[in-house]
Amino acid sequence: MADDGDRFFRYIVAGMRNGVLAYTRDGTLALINEEAYRIFDVTPRRTDLGQPVADVLRAHPEVVRVLNSVFDLHFLPNRAELRLRPSGRVIGYTMALVRDDAGRVVGAAMFFKDLTRVEQIEERERLRDRLAAVGEMAAAIAHEVKNPLAGIEVMAGLLRRKVADLPDAQSLLTDIISEAKMANAIVQEVLEFVRPIRLQVERTAVRQAIQSAVQLADTKARRGDISIDVQVPGALPEIQGDQHQLTQLFTNLLTNAYEAMDGRGRVAISAQAVRLDDGAEGRDAVLVELADEGPGMPQDVADRVFDPFFTTKSHGSGLGLAIVRKIVDAHDGTIDLRTAPGRGTMIRVTLPVTGSADAV
Ligand SMILES: Nc1ncnc2c1ncn2[C@@H]1O[C@H](COP(=O)(O)OP(=O)(O)OP(=O)(O)O)[C@@H](O)[C@H]1O
Ligand SMILES: [Mg+2]
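Residues numbered from 1 in each chain as written. Chains lettered and ligands numbered in written order. Predicted model: local features only at pLDDT ≥ 70, side-chain atom pairs only at ≥ 80, totals over all residues.

Thoughts on the sheet that holds strand S1 (residues 19-24)
Spatially, the five strands line up as an open sheet ordered S2-S1-S5-S4-S3, and their pairing is antiparallel. In the strand order of this sheet, the two ends are held by strand S2 (29-32) and strand S3 (80-83), each with one partner. Strand after strand, the sheet turns through a mean of 25° between neighbouring axes, direction not considered. Pairing analysis gives three bridges linking S1 to S2, with the strands arranged antiparallel. In the sheet register, Leu 21 faces S2, and the bridge partner there is Ile 32. (Pairing = 2+ DSSP bridges. Helix = DSSP H or I, 4+ residues; strand = E, 2+ residues; numbered from the N terminus. Axes fitted to C-alpha atoms, helices over the stretch in contact; angles between N-to-C directions.)

Description of the site of ligand 1
Every one of the 21 residues lining ligand 1 counts as a neighbour, but Asn 256, Thr 311, Gly 316, Gly 320 and Leu 321 are closest to it. Considering every element that reaches the shell around ligand 1, the biggest residue donor is helix H8 (residues 243-261), with four residues. The class makeup of the residues in the shell around ligand 1 is nine nonpolar, ten polar and two charged. (Near = placed C-beta within 6 Å. Nonpolar A, V, L, I, M, F, W, Y, C, P; charged D, E, K, R; others polar.)

A look at the domain arrangement of the chain
Here the chain is partitioned into domain 1 (2-114), domain 2 (116-196) and domain 3 (198-360). With nine residues of domain 2 at the interface, the matching set in domain 3 holds nine residues. Elements that contribute at least two residues to the side of domain 2 that touches domain 3 include exactly helix H5 (116-162) and helix H6 (167-194). Here the side of domain 2 that touches domain 3 is built from residues that sort into six nonpolar, no polar and three charged. (Domains from an automatic or database assignment. Contact = placed C-beta atoms within 7 Å.)

Points about the sheet that holds strand S10 (residues 283-292)
Strand order in the open sheet formed by five strands is S7-S9-S10-S12-S11, with mixed pairing between adjacent strands. The open sheet has two edge strands, strand S7 (227-231) and strand S11 (334-339), and neither has a second partner. Ignoring which end each strand starts from, the neighbouring axes of this sheet average 15° apart. Pairing of S7 with strand S9 (residues 266-276), which is carried by five bridges, proceeds in the parallel orientation.

Considering the pairing of strand S5 (residues 105-114)
Pairing of S1 with S5, which is carried by six bridges, proceeds in the antiparallel orientation. Looking at the pairing, Leu 21 lines up with Met 110 of S5. Across nine bridges, strand S4 (residues 90-99) lies against S5 in antiparallel orientation. Bridge pairing in S5 links Leu 97 to Ala 108.

Points about H6
The end-to-end C-alpha distance of H6, which contains 28 residues, comes to 41 Å, matching closely the 40 Å that a straight helix rising 1.5 Å per residue would cover. For H6, every residue scored as buried is listed here: Leu 173, Ala 180, Val 187, Val 190, Phe 193 and Val 194. (Expected span 1.5 Å × (residues − 1). Buried ≥ 20, exposed ≤ 12 C-beta atoms within 10 Å, placed from the backbone.)

Section: the confidence of the model for the chain
When pLDDT is averaged across the chain, the result is 88; 96% of the residues are at 70 or more. Contacts for the low-pLDDT stretch residues 356-360, under 50 throughout, to residues beyond four places or in other chains number 14 contacts. (pLDDT = per-residue confidence, 0-100.)

Details of the nonpolar core
Formed by 42 residues in total, the largest nonpolar core has its most connected members in Val 206, Phe 250, Leu 253, Leu 254, Ala 257 and Val 286. Counting residues per element, the ones that place at least two in this core are H6, helix H7 (206-217), H8, S9, S10, helix H10 (320-330) and strand S12 (345-352). Each of two domains, domain 2 (116-196) and domain 3 (198-360), supplies a minimum of three residues to this core. Not counting residues up to four positions away in its chain, the partners in contact with Phe 250 are Ala 209, Ile 210 and Ala 213. Leu 21, Phe 40, Ile 91 and Met 110 belong to the second largest nonpolar core, which has 17 residues in total. (Core = buried A, V, L, I, M, F, W, Y, C linked by C-beta atoms within 7 Å.)

Structure representation (C-alpha cells):
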C-alpha cells in the first residue's frame, strides 16, 4: 500500500507542469522531474538520483549556488528570478524546506517555471505601447496634413490650366502636383499603419499568401532580372490567419529585397512546418525564411529596421517593416533577421498554426 502511495506521489511530480527538484541536507539529489530536465537542458540519466546535485547541474553553477545557500537563509525567497547562463532562459522559482516528523530540516525543494515566454510577451507589450504613442502622434499629423495637401494639388491643377501658354511654369506645376501626390501617398501609408489591425481569421495557406505577394511586389518595386525561388511544400499545415494581411507582410519583405538588390541576383523563399519550444506544450508553427542577395545591413541599421519611420531610402517612409511587425504580432508570431554588410539579408517569420484563434 505504501508502495502505491509512493508511486502516486511520483506520478504527481512527474506530471507537474513546473520544474521540481529536491535534495537532502548533504546536497544529494532526491527527486527531479522531466520539466526540470527540459528547462535546465540537461539529459536525464538513470543514475542522477543519489548523485550530488552540484554534479547533475554542473552546467548551471548559478542554480547550484542558490541551492547551497538555502540552509543558511532565515527567509526563503518566495518568488525570485534567475537567468540561466548558457541558454539565457529566465526561470522564476520558489524554495521550500523539507522537514521530517520531528520538524528537523532534512532537505529542500525548488519549484520553478520557464519565464522566457512571459518575458517575450512583456517585451512585445512594451514595444506596442511605444508604437501606440508614436502612432497617435503620426495619426494626428497625418490628419492635419491631408487637407492642405489636397488643397495644394487642386490649386496647382487650376493654375496649370491658366498658364497653358507658359511651358516652364507648366512643368514646374506638374512637379508640384506629383510631389503633392507622393506626400499624400505617405500620409495614406501612415494612416494605414496607425489603424489597429482587425484580423479576418480563416484557415490560410501560407503558400497562397506568398504567391500573391510575389505578384503584388512587382507592382511596388522594380524587379529587373532578379529571380525568385519559392520552396514551399504542398503539405504545409494551414494556419489560422488573415490571408490579406499575410500577403501584405510578404509583399513588404519582397519589396525591400528588390529595392536592396538593384535588379540582379536571387531571392529565396522557403517554408517549413516547425514546432516551437515555448513552455511545456510547444506549438505547431510555419517558419518562412526569405533571403536576398542585397548588400545586407550593419548592426546599427539592423537594430532599428522595425522602428516606424526608420528608413535609409530617400523616398522611403520607413513603415514597411513596422507594418510587417504589426501583422506578425497580430498573428502571435515572431520575426527576426540575420544580416551583415555584404552578406545579404535573411528574414525569418514564424506563424503559429493556431496562434491567433482568439485574436479576432
Ligand atoms: N532586404 C533588405 N536589405 C537591406 N536593407 C534592408 C532590407 N530590408 C530593410 N532594409 C533596411 O531597413 C529600412 C527600413 O525598411 P522599411 O521597409 O521599414 O522601410 P523602407 O523600405 O525604407 O520604406 P517603405 O517600406 O515604407 O517604403 C530600409 O530603409 C533599409 O535600410
Ligand atoms: Mg520597405
